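A structural walkthrough
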Amino acid sequence: MICDIIIPAYNEAPRVAVVIAACLEAKLGEVWVVDDGSSDTTSQVAQSTGAKVITLKANQGKAAAIFAGARASQAQVLLLVDADLLGLKAQHLIDLAKPVLEGGAEMSRGDFKGGRWQTHLSQNLAPILNGQRALLREKLLNLPELEQSRYGFEVKLAKAAHEARWRIAYIPLKGVSQVMKEEKRQGFWQGIKQRMKMYQDIIKAFTQ
């Protein structure tokens, strides 16, 4: 089976190239960056690396960006990777894709181990929110109700997988973490605002 990598990205110009480099090194398949209406140079940076780029005219949310990439891809397996990861290596991606590519699981989920304490803490509290996943493209596209879930995507995907009794593999991603929203270029208070919006989407997904 073929595995393409989908990277949803919103204002990630300073970070996305490093993530793309690891994805290209993994040599799993095509690397798609979906620029979710960024106001910075995310699209241009991604294009300069050799990744395939889809540019959405307006910000539609993480879930919609993932679905845009999924529809563009023709691979049987999709690997979903966040654009703001730290410490990501090609082997992490290979390990994450392997259970689905070999038919041992319908989905795999990454678990951060040994990275920054902030990320490690949040992962311990809510591992379901980890966005690093491999899954069968057909199964994702058969869940169109997830497309408008924005940051609630991981929660809704996990609920759908549980209800359908998918086999799920949990893969440790040693040394991987993320840049916190408050650390990004928009500034601390803008990061807080984005985090609150994210929590609203997540709570909505849990309660629906």
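To start, this report covers the structure provided alongside it. Along each chain, the written sequence defines residue order, and numbers are assigned to residues from 1. Given that this is a predicted model, residues contribute local features only at a pLDDT of at least 70 and side-chain atom pairs are listed and counted only at 80 or more, while totals for whole chains, interfaces and linings are drawn from all residues. Water and hydrogen atoms were dropped before computing side-chain values, which therefore reflect all heavy atoms in the structure.

1. Examining helix α2 (residues 42–49)
Going by this rule: Summary of the burial criterion: residues with accessible area below 20% of their type's maximum are buried, those above 50% are exposed, and those between are partly exposed, where the area comes from a 1.4 Å probe applied to protein chains only. Helix numbering and strand numbering both begin at the N terminus, where a helix is a DSSP run of H or I of at least 4 residues and a strand a DSSP run of E of at least 2. In this description, the arc belongs to the directions extending from the helix axis to the C-beta atoms. Whether two residues touch is decided by their heavy atoms; if any such pair falls within 4.5 Å, the residues are in contact.
Taken together, the buried positions of α2 are Thr42, Ser43 and Ala46. Taken around the axis of α2, the buried residues stretch over an arc of 95°, which confines them to a single face. Residues of α2 that are buried make contact with β1 (3–9), α1 (16–26), β2 (31–36) and β3 (52–56). Downstream of α2 by a residue or two, glycine 50 has a phi angle that is positive, lying close to 100°.

2. Some thoughts on the environment of glycine 87
Inspection of the secondary structure assignment puts glycine 87 in the loop between β5 (85–86) and α4 (90–101). Glycine 87 sits in the partly exposed class, given a relative accessible area of 40%. Beyond its immediate chain neighbours, meaning those up to four positions away, glycine 87 contacts His92, Gly175 and Val176.

3. Overview of the packing of α1 against α4
The condition that has to hold: Axes, fitted as lines to C-alpha atoms, cover a helix only where it is in contact. Angles between the N-to-C directions of the axes lie from 0 to 180 degrees. Each angle receives one of four descriptions, namely roughly parallel if under 35 degrees, roughly antiparallel if over 145, roughly perpendicular if within 65 to 115, and oblique otherwise. Helix crossings are classified by the rotation of the near helix relative to the far one: an anticlockwise turn of less than a right angle makes the crossing left-handed, while a clockwise turn makes it right-handed. Classes in brief: Ala, Val, Leu, Ile, Met, Phe, Trp, Tyr, Cys and Pro nonpolar; Asp, Glu, Lys and Arg charged; the others, Gly included, polar.
Orientation of α1 relative to α4, taken along the N-to-C sense of each, is 60°, at an axis distance of 8 Å. Taken together, the axes of α1 and α4 are oblique relative to one another. α1 and α4 meet at a crossing whose hand is right-handed. For the pair α1 and α4, contact is made by Ala22, Cys23, Glu25 and Ala26 and by Ala90, Leu93 and Ile94, respectively. For the contact of α1 with α4, the per-class residue count stands at 6 nonpolar, no polar and 1 charged.

4. Considering the side chain of serine 108
Formally: Throughout this description, a polar contact denotes any pair of N or O atoms lying within 3.5 Å of each other; where both atoms belong to protein, one of them has to be capable of donating a hydrogen while the other can accept it, and for residues adjacent in sequence the pair is counted only when both atoms sit in side chains.
Summarising the element assignment, serine 108 is placed in strand β6 (residues 107–113). Within the structure, the side chain of serine 108 is placed 2.5 Å from the backbone oxygen of leucine 96, a separation counted as a polar contact. The contact partners of serine 108, leaving out residues within four places of it in the chain, are Leu96, Pro99, Val100, Gln132, Arg133, Ala134, Ala169 and Ile171.

5. A look at the pairing of β1
Stated formally: We call two strands paired when DSSP finds no fewer than two bridges between them. By convention, a crossover is right-handed whenever its connection, traced from the first strand over the helix to the second and viewed with the strands pointing away, goes clockwise.
Most of β1 sits out of view: 7 of its 7 residues are buried. Covered by surrounding structure in β1 are Cys3, Ile5, Ile7 and Ala9 together with Asp4, Ile6 and Pro8, the residues of both alternating faces. Pairing of β1 with strand β4 (residues 77–80) involves 4 bridges; the strand directions are parallel. The residue of β4 that forms the bridge with aspartate 4 is leucine 78. Pairing of β1 with β2 involves 5 bridges; the strand directions are parallel. From the neighbouring strand, alanine 9 faces β2, where its bridge partner is aspartate 35. Remark: the β1/α1/β2 crossover connection has right-handed handedness.

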